[in-house]
Amino acid sequence: MFEQLATPKGDPILSLIAEYRNDPRENKIDLGIGVYRNDAGITPVMQAVHDAEALLLANQTTKAYQGLTGDEAFNEEILKLVLTESQCKRAIALQTPGASGALRMIADLIAVTAPGSTVWISDPSYINHRPIMEKAGLTVKTYPYLNAETRLVNEPAMLATLESLGPKDVVLLHGCCHNPSGADISLDSWHRIAELATKNGFLPFIDIAYQGLGDSLEADAQGLQVLADAVEEMVISTSCSKNFGLYRDRTGAAIILSKNKQIASNARAKMCELSRGSYSMPPAHGAAIVHAILTSESLTKSWRDELDAMNRRVNGLRSALVKAFREKTQTERFDYFGQHKGMFSLTGLSDDIIAELKHNHGIYIVGGGRVNVAGLKESEIDTLVEAFIAAGA
Ligand SMILES: Cc1ncc(COP(=O)(O)O)c(C=O)c1O
């Protein structure tokens, strides 16, 4: 049966990771990987997660099945993290295996409820947005997003495309910390998108995978909350991979906001029916950790403090990059590093420059030029800036 299958081409990010690992140079720098790292180059288990795991270990009495909707206390808490109190009254969350699972469940839900819908994703967008939507059977088109000159959002072009959309369209937006560009939508534009969604009837679909890693937990959800206040229906995928550091525990949620809780619950029930046909129910461990943290005042404080420190580290690196680039180039060409939010910045570096940075300087960046600022150590900033200039960036 399987003889007909071709050997797949290697994943470019995974092969870059392998190349980096095998590079003997001591001063090599990995900016390719998509995870947060501390100044020691480690993706740490957060203290609140350690503490919650100890509680789970001591108190867990069963590993019996939990049910299709997952951990309901987790679902309640995640809703409160993303939406305002009044929005929570007409919304419901479904625990999923990461935001990836949420993206797929929502895509499946749209495909069965409104077949023929087109999902509009930003150009560029998270590398998995298109394949997930297409595998659910949806048509995918792109709206303009990045201004190649400024490296910031081309808001007039984006809004002009959204202006032309209607009820058969779904608009997938990044809630904060846009991946791969780092360029976020201004609050004014979130208001404008809200007006367009109300007027033209397209469904907003918000993917928020980095809440708390831009400005703060509250500020990072502001844009999507503006939209949620304005529209009758909206869908959200959210992740605990980055802000709780639970990457491998596959913890996330699909949120449905509708006219009332009953309609949202019906949509969730449909997603449960769909998940029954694939992974059935989500893994319990990560959600139990998040549930334990968010229902304990002291663990919540510990988690928020550590998340704020992660956020400060990334924003500190961004400011230091801007300062070093200004000093060394006497230009403001790289100021975008300070204007971007979250872990990533899309540099727009050419393939040749990316190759030169790897070969001559041991600096690893994925094709397309996405840099993971959170992969940098403070002590590496001058080396990085000098290498960029030497390579002609
Ligand atoms: C924008 C975006 N959405 C979704 C995901 C998937 O997250 P998860 O690991 O929770 O499945 C990522 C992960 O990098 C992402 O960047």
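Residues numbered from 1 in each chain as written. Predicted model: local features only at pLDDT ≥ 70, side-chain atom pairs only at ≥ 80, totals over all residues. Heavy atoms only, no water.

Where an unreviewed UniProt entry is consulted, the protein chain appears under the name Aspartate/tyrosine/aromatic aminotransferase, with the organism given as Reinekea blandensis MED297. The UniProt entry for the protein chain carries the following comment under Subunit (unreviewed entry): "Homodimer." For the protein chain, the Cofactor (unreviewed entry) comment in UniProt is given as "pyridoxal 5'-phosphate". (UniProt positions renumbered as here; feature names shortened; annotations may be inferred.)

## Here we look at the side chain of Ser 117
When you line up the elements, Ser 117 lands in the loop between helix H5 (98-113) and strand E3 (118-123). The class for Ser 117 is buried, based on a relative accessible area of 5%. A distance of 2.6 Å separates a polar side-chain atom of Ser 117 from the backbone oxygen of Ala 114. Excluding its chain neighbours within four sequence positions, the residues that come into contact with Ser 117 are Ile 110, Leu 138, Thr 139, Lys 168 and Val 170. (Helix = DSSP H or I, 4+ residues; strand = E, 2+ residues; numbered from the N terminus. Buried < 20%, exposed > 50% of the residue type's maximum accessible area, 1.4 Å probe, protein only. Polar contact = N/O pair within 3.5 Å; in protein donor to acceptor, adjacent residues only side chain to side chain. Contact = heavy atoms within 4.5 Å.)

## Quick look at the pattern of salt bridges
Scanning the entire structure with this criterion turns up 19 salt bridges. Here Lys 323 and Glu 327 are joined by a salt bridge, their closest N and O atoms 3.6 Å apart. With Lys 323 and Glu 327 both in helix H13 (residues 297-329), this residue pair falls 4 residues apart, about one helical turn. Using a relative accessible area of 55% as the deciding quantity, one classes Lys 323 as exposed. Shared partners join several salt bridges into a network, and the residues in it are Glu 163, Arg 192, Glu 195 and Lys 199. (Salt bridge = Lys/Arg side-chain N within 4 Å of Asp/Glu carboxyl O.)

## Notes on the sheet that holds strand E2 (residues 91-96)
The sheet built from 7 strands is open, its strands ordered E2-E8-E7-E6-E5-E3-E4 with mixed pairing. Looking at which strands have only one partner, the edges of the open sheet turn out to be E2 and strand E4 (139-144). The mean inter-strand angle of the sheet, taken between neighbouring strand axes irrespective of direction, is 25 degrees. As defined by bridge partners, strand E6 (residues 203-208) adjoins strand E7 (residues 234-239) across 4 bridges and the pair is classed as parallel. (Pairing = 2+ DSSP bridges. Axes fitted to C-alpha atoms, helices over the stretch in contact; angles between N-to-C directions.)

## Let's talk about the state of the cysteines
Throughout this description, disulfide means a covalent bond between two cysteine sulfur atoms. By the definition in use, this model includes 0 disulfides. Note on Cys 177: no disulfide assigned, nearest cysteine sulfur contributed by Cys 176 at a separation of 3.7 Å. Sulfur of Cys 240: no disulfide; nearest cysteine sulfur belongs to Cys 176 and is 13 Å away. (Disulfide = S-S within 2.5 Å.)

## Section: the side chain of Thr 161
Structurally, Thr 161 can be placed in helix H7 (residues 155-163). Look past the residues within four positions of Thr 161 in its chain and what remains in contact with it is Trp 120, Tyr 143 and Pro 144.

## Considering the UniProt feature "domain: Aminotransferase class I/classII large" (unreviewed entry) in the protein chain
Following the UniProt record, one finds the feature "domain: Aminotransferase class I/classII large" (unreviewed entry) at residues 27-388. Span residues 27-388 is 47% helix and 14% strand, its end C-alpha atoms 15 Å apart.

## Looking at the packing of helix H2 (residues 47-59) against H13
For the pair H2 and H13, interaxial distance at closest approach is 8 Å and the crossing angle is 150 degrees. Taken together, H2 and H13 sit at an angle that is classed as roughly antiparallel. Of the residues in H13, those in contact with Gln 47, Ala 48, Asp 51, Ala 52 and Leu 55 of H2 are Leu 299, Ser 302, Trp 303 and Glu 306. Along the lines of polarity and charge, the residues of the contact of H2 with H13 split into 5 nonpolar, 2 polar and 2 charged. (Parallel < 35°, antiparallel > 145°, perpendicular 65-115°, else oblique. Nonpolar A, V, L, I, M, F, W, Y, C, P; charged D, E, K, R; others polar.)

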